[in-house]
Amino acid sequence: MTSGNAEATTDYTPTGGPGTNFVGSSVTFTNVEALQTYSCSRLDAAGQVAAPGTSRAFKSEAVDLGALTDNCTHPVFGLVDFDVDPDWGLSITGSPSGTSWPTRLDQVDMTLSAVNCDQAFEGSVDGTFDTVTQRFTPITSDLVVTSVVGSSCTTFDFQVGDHMELNGQLTNISPAGSVPLSFS
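Treat the numbers as computed from the prediction; the structure is a model and nothing was measured.

Grouped together as the largest cluster of nonpolar side chains are 42 residues, with contacts concentrated most on F29, L105, F121 and F183. Among residues more than four places away in sequence, those in contact with L105 are L65, W88, G89, L90, G123, S124, V125, F136, L166 and L170.

Moving on: the packing of aromatic side chains. One pass over the structure, following the stated rule, counts nine aromatic pairs. Judged by centre distance (5.9 Å) and plane angle (15 degrees), the rings of Y12 and F58 are stacked. In this pair, Y12 sits in strand β1 (residues 11–12) while F58 sits in the loop between β5 (56–57) and β6 (61–74), placing the two residues 46 residues apart along the sequence. The two residues Y12 and F58 agree in class, both being buried. A connected cluster of aromatic rings, assembled from ring pairs, spans Y12, F22, F58, W101, F129 and F183.

Before going further, it helps to examine the confidence of the model for the chain. Averaged over every residue, the pLDDT of the chain is 91; the share at 70 or more is 95%. pLDDT under 50 marks residues 1–7. Its contacts with residues more than four places away, or in other chains, come to zero contacts.

On to the state of the cysteines. In this structure the tally under the stated criterion is two disulfides. The residue that forms a disulfide with C40 is C72, at a sulfur-sulfur distance of 2.1 Å. The sign of the S-S torsion, about 105 degrees, decides the handedness of the disulfide formed by C40 and C72: right-handed. Of this pair, C40 sits in strand β4 (residues 36–49) while C72 sits in strand β6, placing them 32 residues apart in sequence. Both residues of the pair, C40 and C72, belong to the buried class. Paired by a disulfide, C117 and C153 hold their sulfur atoms 1.8 Å apart. An S-S torsion of about 95 degrees defines the bridge between C117 and C153 as right-handed. With C117 in strand β10 (residues 117–130) and C153 in helix α1 (residues 151–155), this pair connects stretches of sequence that are 36 residues apart. Side by side, C117 and C153 carry an identical accessibility label, which is buried. For the chain, the bonded cysteines connect in the pattern 1-2, 3-4 when numbered consecutively along the sequence.

This brings us to unusual backbone geometry. With an omega dihedral of 10 degrees, the bond running from G17 to P18 counts as a cis peptide bond. Its identity is not glycine, yet K59 carries a phi of approximately 80 degrees, on the positive side. Inspection of the secondary structure assignment puts K59 in the loop between β5 and β6. Positive phi, normally seen in glycine, also occurs at D157, with a value near 60 degrees. Tracing the sequence through the fold places D157 in the loop between α1 and β12 (163–172).

Assignment of secondary structure puts T171 in strand β12. Residue classification places T171 among the buried positions, given a relative accessible area of 15%. Only 3.3 Å separates the side chain of T171 from the side chain of R135, close enough to count as a polar contact.

Basis of the calculations
- Residues numbered from 1 in each chain as written.
- Predicted model: local features only at pLDDT ≥ 70, side-chain atom pairs only at ≥ 80, totals over all residues.
- Heavy atoms only, no water.
- Core = buried A, V, L, I, M, F, W, Y, C linked by side-chain atoms within 4.5 Å.
- Buried < 20%, exposed > 50% of the residue type's maximum accessible area, 1.4 Å probe, protein only.
- Contact = heavy atoms within 4.5 Å.
- Phe/Tyr/Trp six-rings, centres within 6.5 Å; stacked < 30°, edge-to-face > 60°.
- Helix = DSSP H or I, 4+ residues; strand = E, 2+ residues; numbered from the N terminus.
- pLDDT = per-residue confidence, 0-100.
- Disulfide = S-S within 2.5 Å.
- Polar contact = N/O pair within 3.5 Å; in protein donor to acceptor, adjacent residues only side chain to side chain.

This is how it looks when you write it as structure tokens:
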């Protein structure tokens, strides 16, 4: 008997799309140190699969997410507005477990604007993407507050360096003319 060498996979191939539309449910952003949560009844991110059918290294972008639609509130501020850098990306970071792939939202760059309070943050969010349910579920957030402007921010003790945490789910509902997202 002979045995072959087991080789770890270091790349993946996205298929599907070409369009994606990640629809949020139960999405919240929490400033961990200040214990303040923004709840979003709507947080949708539309985009495109980057070069479907082309192999790439783990952590290389699979989906460009550029258009964000939101309806988010804070218990004191009320309605808040998100200003988003349109360069978000979704990438696979390792081999799957069944239909669940380790996934990262990266280049997340946002500003939450409320009454006399703007709080900018950036970073990445690690989670999983299940190809059957088409759902991205965050697990850990590496989002850091980079700017705080306004007297209302001072009231809540928002500080540069605070950590923001993303919770909830984003489910890809393929737009017309597109097919579900998959990886191999």
